[in-house]
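# Structural features, examined
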Amino acid sequence: MKLKRQSSSSPIDNQISNFLQHIMKSLGLTRKIKKIYFRATGYSYANMGRLFLRLFIGIMLLQFGVRQIDNFDILKEVFPGVIGMTSHASLIVMICIEIVCSTFIMFGFLTRVMILPPFVAMILAEYHILHDYVAEPAYLLDWQQIGYVPILFMGIYFFLLLVGPGKISIDYFLSLHIIHTENKSEGELEEV
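All of these numbers come straight from a predicted model, not from anything done at the bench.

Within the secondary structure layout, Ser 90 lies in helix α5 (residues 87-107). Excluding residues within four positions of it along the chain, Ser 90 makes contact with Phe 79, Pro 80, Gly 81, Val 82 and Met 85.

A contiguous nonpolar patch, built from Ile 83, Met 85, Val 93, Val 120 and Leu 124 and spanning about 410 Å² of accessible area, is present on the exposed surface. Examined against the element boundaries, Met 85 turns out to sit in the loop between α4 (72-78) and α5.

Positioned with a positive phi, Ile 83 is a non-glycine residue whose angle comes to about 50 degrees. Within the secondary structure layout, Ile 83 lies in the loop between α4 and α5. Relative accessible area serves as the criterion here: at 68%, Ile 83 is assigned to the exposed category. One non-glycine residue, Leu 110, lies in the positive phi region at around 50 degrees. When you line up the elements, Leu 110 lands in the loop between α5 and α6 (111-133).

Counted under the stated rule, the structure contains zero disulfides. Of all cysteine sulfurs in the structure, the one in Cys 101 sits closest to Cys 96, which takes part in no disulfide; the separation is 9.2 Å. For Cys 96, a relative accessible area of 42% translates into the label partly exposed.

Conventions and cut-offs
- Residues numbered from 1 in each chain as written.
- Predicted model: local features only at pLDDT ≥ 70, side-chain atom pairs only at ≥ 80, totals over all residues.
- Heavy atoms only, no water.
- Helix = DSSP H or I, 4+ residues; strand = E, 2+ residues; numbered from the N terminus.
- Contact = heavy atoms within 4.5 Å.
- Patch = residues over 30% accessible without salt bridge, like charges linked within 9 Å, V, L, I, M, F, W, Y side chains within 5 Å.
- Areas by Shrake-Rupley, 256 points an atom, 1.4 Å probe, with all protein chains shown as cover.
- Salt bridge = Lys/Arg side-chain N within 4 Å of Asp/Glu carboxyl O.
- Buried < 20%, exposed > 50% of the residue type's maximum accessible area, 1.4 Å probe, protein only.
- Disulfide = S-S within 2.5 Å.

Laid out in structure tokens, this is it:
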């Protein structure tokens, strides 16, 4: 004996669905909903996203540099010496990296070059934190312990290294200027 397969929708559900479709068609909502859907999913705001990410990471790094300038007298004694430098010299180098590189990154000028010093600085900071401050293995860290901020910075810097500054940057406008002075096509910048 075969069991009769029941339909997933009842007659009332079909009537409600047909009624809603009729209302949407009569009001022209189907076309509007499709337009909104395609506008929300079909358009890419990649360049705005890159601009936001550059501004965000630049402001975040810049505020660290400003804090270190404010507390320079205290930090110069306790800041770790890195790569054979004294703590005073390491602090000055880190402040320069945080101020200069973050400003260049925010404006999108020499972006990929200016990402390298803070990326290396975050690698060194992460090594120093895991080596000197954390007693347990790195894989046992939870989100409340120090050590996650440099990793977050490194992730964002790596992403910006891969995708570049975008079209809302000085780098892009300089590239356009160079292409126009050499009478080349803008097609070379299509993937930017």
